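Notes for the structure review
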Amino acid sequence: MDIVILKDSEQVAVAGARALQDLLTKKPDAVLGLATGRTPLAMYRQLVAAYEKSSMSFRDATTFNLDEYLGIKPADPQSYRSYMQRELFDDIDIEMSNTHLPECVAGENPLDVGPRYEEEIRARGGIDLQVLGIGQNGHIGFNEPSSSLSSRTRVKTLTRETIANNREYFDDAASQPQLAITMGIATIMDANEILLLATGAEKAEAVRQSIEGPVSSMWPASILQMHERVTVLLDESAASALEKRDYYNWVQDQKRLLLAQIENS
Ligand code: GLP
């Protein structure tokens, strides 16, 4: 895992946006896996700013979001579809027909959404770069602790902790969904490359367990230790519980030196 510890959440946002920009420069028709939540908000703002002042384009890109609540309409302001429109899609030149969330369309059996979504991802050639946040309990997407490490896109029951963490977005508890459809852990692991963002001290324990703990379904993000190409972007607070923090910083210094040497040779 490439563990990059940055000064603050703004630097995490800048580095995350740069990774997406670099990919789109190399591969304009890239397939991006996107995340919602508080963490990527600043990264999306950076991306929109970069889009507005450069020639970058999303016209040929495709996106697949990690998850969506079950039981609220796409037009509901609390849906992840609305979040994506508001925070990114409405401000860039992406084709709406190329944007995907695991939404249960009217009349569709919720149990059919997962296999359909998996097929849609496959039909687009798989995900080039998957962006992830992390829950305080180590969840990725809505793969809560005890999720099968081999799971695919499916309906998932949220933990009480996750419901409490997201309670502020809903007017009343009765309107807050308890179920979601999320990419599975195996679906996420199929991505060619993964970018995990974590900011704030409340993520420090989940980050420590996921990076330095054993691989376990109790901390779903720990499965990322088994992926060949993962970059973890952390601010100082999210990195604060890491035992080998100094080593990770040293690795990044060495990497910079090596790249400079290669460039000058
Ligand atoms: C949410 C989402 C995840 C997100 C995580 C952390 O509930 N389903 O995709 O990464 O929990 O959210 P936040 O970034 O708001 O802390």
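Our subject is the structure that appears above.
The sections below set out a description of the structure shown in this document.

Criteria and thresholds
Residues numbered from 1 in each chain as written. Predicted model: local features only at pLDDT ≥ 70, side-chain atom pairs only at ≥ 80, totals over all residues. Heavy atoms only, no water. Helix = DSSP H or I, 4+ residues; strand = E, 2+ residues; numbered from the N terminus. Rg over C-alpha atoms; globule rule 2.2 N^0.38 Å. Buried < 20%, exposed > 50% of the residue type's maximum accessible area, 1.4 Å probe, protein only. Contact = heavy atoms within 4.5 Å. Areas by Shrake-Rupley, 256 points an atom, 1.4 Å probe, with all protein chains shown as cover. Lys, Arg positive; Asp, Glu negative; His and termini not counted. Charge placed at Lys NZ, Arg CZ, Asp CG, Glu CD. Pairing = 2+ DSSP bridges. Axes fitted to C-alpha atoms, helices over the stretch in contact; angles between N-to-C directions. Near = heavy atom within 4 Å. Polar contact = N/O pair within 3.5 Å; in protein donor to acceptor, adjacent residues only side chain to side chain. Core = buried A, V, L, I, M, F, W, Y, C linked by side-chain atoms within 4.5 Å.

In terms of regular secondary structure, the chain is built from eight helices and ten strands. Computed over its C-alpha atoms, the radius of gyration of the chain comes to 18 Å, within 12% of the 18 Å expected for a compact globule of 265 residues. Across the 265 residues that make up the chain, the buried fraction comes to 52%. Partitioning the contacts of the chain with sequence separation of at least 6, the portion at a separation of at least 24 is 78%. A total accessible area of about 12,600 Å² is found for the chain, and carbon and sulfur atoms account for 50% of it. Across the chain, the mean location of the 26 positive side-chain charges is 2 Å away from that of the 39 negative side-chain charges.

Moving on, we get to the sheet that holds strand β5 (residues 99-100). In space, the seven strands of this open sheet follow the order β1-β10-β9-β6-β2-β3-β5, with parallel pairing throughout. Looking at the sheet topology across the chains shown, the edges are occupied by β1 (2-6) and β5. Here β1 pairs with strand β10 (residues 230-235) via five bridges, running parallel. Bridge assignment links Asp2 to a residue of β10, and that residue is Thr231. Lying over the sheet, helix α1 (residues 9-26) contacts β1, β2 (31-34), β6 (129-132), β9 (193-198) and β10, oriented at roughly 155° with respect to β10.

Looking now at the pairing of strand β8 (residues 179-182). Relative to β8, strand β4 (residues 67-69) runs antiparallel, the two being bridged by three bridges. For Glu68, the partnering residue across the bridge sits in β8 and is Ile181. Pairing geometry for strand β7 (residues 154-157) and β8, over four bridges, is antiparallel. Its bridge partner lying in β8, Thr157 is registered against Leu179.

So, on to the sheet that holds β7. Across the sheet, which stays open at both edges, the three strands sit in the order β4-β8-β7 with antiparallel pairing between neighbours. Two strands lie at the open edges of the sheet, namely β4 and β7, each paired on one side alone. Mean inter-strand twist for the sheet, computed between neighbouring axes without regard to direction, equals 30°.

The full set of residues close to the ligand is Gly37, Arg38, Thr39, Asp67, Tyr80, Gly133, Ile134, His139, Gly141, Phe142, Asn166 and Lys203. Measuring from an oxygen atom of the ligand, one finds a backbone N or O atom of Arg38 at 2.8 Å. Within the contact set of the ligand, an oxygen atom lies 3.1 Å away from a side-chain nitrogen or oxygen of Asn166. For the ligand, the protein covers 95% of the area, taking 390 Å² as the surface of the free molecule.

In this structure, Phe58, Leu88, Leu224 and Leu234 are the most contacted members of the largest nonpolar core, which totals 65 residues. Residue contributions to this core peak at seven residues, all from α1. Ignoring any residue separated from it by four or fewer positions in sequence, one finds Leu234 in contact with Ile3, Val4, Ile5, Leu6, Val12, Ala198, Val207, Ile211, Ala239 and Leu242. The next biggest cluster of nonpolar side chains, apart from the first, holds nine residues, and it includes Tyr69, Ile72, Tyr80 and Ile163.

With that settled, consider unusual backbone geometry. Not every positive phi belongs to a glycine, and Ser146 is a case in point at roughly 90°. One can find Ser146 in the loop between β6 and β7. What makes Ser146 partly exposed here is its relative accessible area of 47%.

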